[in-house]
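# Coordinate inspection notes
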Amino acid sequence: PEMSRGLGDVYKRQSQNFSSGHTDIASKIKDNDINIENWEVRIGKIKKDRIVIKNIELNGSLKDDTFRFSMPELKFANGTLTASGRYNFADASSCVDFAAKNIDSNTAAEMLFNLPEQVNGTADAILHLNTAKNLQEIKACACFQIKEGFLPQLGSTESVSYTHLRAHETSQ
């Protein structure tokens, strides 16, 4: 909810700033579409359960209640993370694609799945995430490759070359 609330607040604040002192103009354009190009949003921190991401920058545009964005590379789990997607203010839904490079598998597994000491190695990953109802419904599909790693609980130190994970979660 913090991400959607934050973006919604930015959208509302942008609308309020635009209309403050310009009541006549705001009332005349109220029923018209507002388009904003080259919009930059900075978010200090997003926290959801064990996941904490800091110093997020989103670049994008707003048209028809939809913010389309890309996120430049930032540090995540000792590697890097990028993203692109859209957030719809009208129905509080989003569709986001993430790409992670050279992340620490153990750090990511603990943070994302609460699985400490279950995966070792460096990983690259992609994640496709759809949300609805202010993050009350989440659907995700992830693919990742662990390089020079292993799964300690399986009792083997063989390399894990490819793992495919599909997750569907509906919070209440």
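Chains are numbered independently. Their residues run from 1 in the order of the written sequence. Residues qualify for local features only when their pLDDT is at least 70, as the model is predicted, and side-chain atom pairs are given and counted only at 80 or more; totals for whole chains, interfaces and linings, by contrast, use all residues. As a rule here, side-chain values cover all heavy atoms of the structure and leave hydrogens and water aside.

## Some remarks on the overall build of the protein
A tally of helices and strands in the protein yields three helices and eight strands. Order of helices (α) and strands (β) in the protein, N terminus to C terminus: α-α-β-β-β-β-β-α-β-β-β. Exposure categories follow from relative accessible area, calculated using a 1.4 Å probe and restricted to protein chains: below 20% of the type maximum is buried, above 50% is exposed, and the middle band is partly exposed. Here the protein holds 172 residues, and the buried ones make up 30% of them. For the protein, the proportion of contacts with a sequence separation of at least 24, taken over those separated by at least 6, is 40%. Note that accessible areas follow from Shrake-Rupley with a 1.4 Å probe, and for residues the cover is restricted to the protein chains shown. As presented, the protein carries roughly 11,200 Å² of accessible surface, and 49% of it is formed by carbon and sulfur atoms. In DSSP terms, a helix is any run of H or I states spanning at least four residues, a strand is any run of E spanning at least two, and both are numbered starting from the N terminus. The contact criterion used throughout is that any non-hydrogen atoms of two residues lie within 4.5 Å.

## Details of the side chain of T131
Tracing the backbone shows T131 in strand β6 (residues 120-132). Residue classification places T131 among the buried positions, given a relative accessible area of 7%. Looking at T131, its side chain comes within polar contact range of the side chain of S94, at 2.4 Å. Leave out the neighbours within four places in its chain, and T131 touches S93, S94, E137 and I138. Under this definition, polar contacts are N or O atom pairs within 3.5 Å; protein pairs additionally need one hydrogen-donor-capable and one acceptor-capable atom, and for neighbouring residues in sequence, both atoms have to be side-chain atoms.

## Considerations on helix α3 (residues 105-113)
Of the positions making up α3, those classed as buried are S105, N106, A108, A109 and M111. Tucked into the core, α3 has its buried residues touching β2 (51-63), β3 (66-76), β5 (93-104), β6 and β7 (137-150). At the N-terminal boundary of α3, the capping side chain belongs to D104, with an oxygen 3.2 Å from the backbone nitrogen of N106. Phi turns positive one or two residues past the end of α3, at N114, with a value near 55 degrees.

## Things to note about unusual backbone geometry
We note that N38 has phi near 50 degrees; this positive angle belongs to a residue other than glycine. Mapped onto the fold, N38 is located in strand β1 (residues 36-48). Notably, N114 is not glycine yet its phi reads approximately 55 degrees, a positive angle.

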